[in-house]
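Each chain, written out:
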Amino acid sequence: MTDTTGKNPAIKAALAYLYLVLPFLAGGLAVAAALDGEGRVVSRRYGVNMIGSALGAVLSLLVLPHVGGGGLVLVAGALGAGGAACFGHAAALPKLTAISALVMLACVLGLPVADRLFPFQVAAGKALEVDLEHGTPILETRWDPICRVDVVGNESKDDGLHVLLLMDSLTRFAMAQR
């Protein structure tokens, strides 16, 4: 496990899990700080937190088809940074407010290039990866609330258009000829 190039799967997995743990750790600390208090204040803050969590879950389902997976990461980052800016402003912390506002702005400005910032990488052995290795072109890619959908296929003068619908690069659906 001394491979620093990132080619060792165990190191890549450990780094990926560490990368995924950090936002949850920061979020947990933020919720704990926000709920610091007594009595009704805590109840009200907790209720607002639960409403915000529900709205965030619904928002992610509505936004994903329009901005894609990488865009959703940036939208979540912008909303989190916006919340931090609000906390910073309320606590009279101008540096926190300014840094959070800059992070929010960077996330919003990154939306047009989100797919380049956070490219979707197909796992080895998935149906899409196999098709791409054989030179099958991707005709269309979209995100729906539960997965990425890729339409791959070839157009032949003799046979018409043959396409496969690949959902999250795992499930194959043969589509009818045109």
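Look up a bit, the structure's there.
A brief look at the structure comes next. Just so it is clear, the structure is predicted and the values come from calculations on it, not from any experiment.

## Some words on the packing of helix α2 (residues 40-90) against helix α3 (residues 94-110)
One can describe the packing of α2 onto α3 by two numbers: an axis separation of 8 Å at closest approach and a directional angle of 160 degrees. Put simply, α2 runs roughly antiparallel to α3. Crossing hand, α2 versus α3: left-handed. Only Leu 96, Thr 97, Ser 100, Ala 101, Val 103, Met 104, Cys 107, Val 108 and Gly 110 of α3 make contact with α2, whose side of the interface consists of Leu 74, Gly 77, Ala 78, Ala 81, Gly 82, Ala 84, Ala 85, Gly 88 and His 89. The residue inventory of the contact of α2 with α3, partitioned by class, reads 11 nonpolar, 7 polar and no charged.

## Thoughts on the pattern of salt bridges
By the definition in use, this model includes 2 salt bridges. A salt bridge links Arg 142 to Glu 140; its shortest N-O distance comes to 2.6 Å. With relative accessibility at 57%, the residue Arg 142 sits in the exposed group. The salt bridge involving Asp 150 is made with Arg 148; its shortest N-O contact spans 2.9 Å. Take Asp 150 and Arg 148: they sit in the same class, and that class is buried.

## Let's talk about helix α1 (residues 9-34)
Compared with an ideal rise of 1.5 Å per residue, which puts 26 residues at 38 Å, α1 spans 38 Å between its outermost C-alpha atoms and is within 8% of the ideal. Where α1 starts, the residue carrying a side-chain oxygen 2.9 Å from the main-chain nitrogen of Ala 10 turns out to be Asn 8.

## Some words on α2
Taking 1.5 Å per residue, 51 residues should reach 75 Å; α2 reaches only 19 Å between its end C-alpha atoms and comes up short. At the C-terminal side of α2, Ala 92 shows a positive phi close to 55 degrees.

The rules we used
- Residues numbered from 1 in each chain as written.
- Predicted model: local features only at pLDDT ≥ 70, side-chain atom pairs only at ≥ 80, totals over all residues.
- Heavy atoms only, no water.
- Axes fitted to C-alpha atoms, helices over the stretch in contact; angles between N-to-C directions.
- Helix = DSSP H or I, 4+ residues; strand = E, 2+ residues; numbered from the N terminus.
- Parallel < 35°, antiparallel > 145°, perpendicular 65-115°, else oblique.
- Left-handed = near helix turned anticlockwise from the far one by under 90°.
- Contact = heavy atoms within 4.5 Å.
- Nonpolar A, V, L, I, M, F, W, Y, C, P; charged D, E, K, R; others polar.
- Salt bridge = Lys/Arg side-chain N within 4 Å of Asp/Glu carboxyl O.
- Buried < 20%, exposed > 50% of the residue type's maximum accessible area, 1.4 Å probe, protein only.
- Expected span 1.5 Å × (residues − 1).
- Polar contact = N/O pair within 3.5 Å; in protein donor to acceptor, adjacent residues only side chain to side chain.

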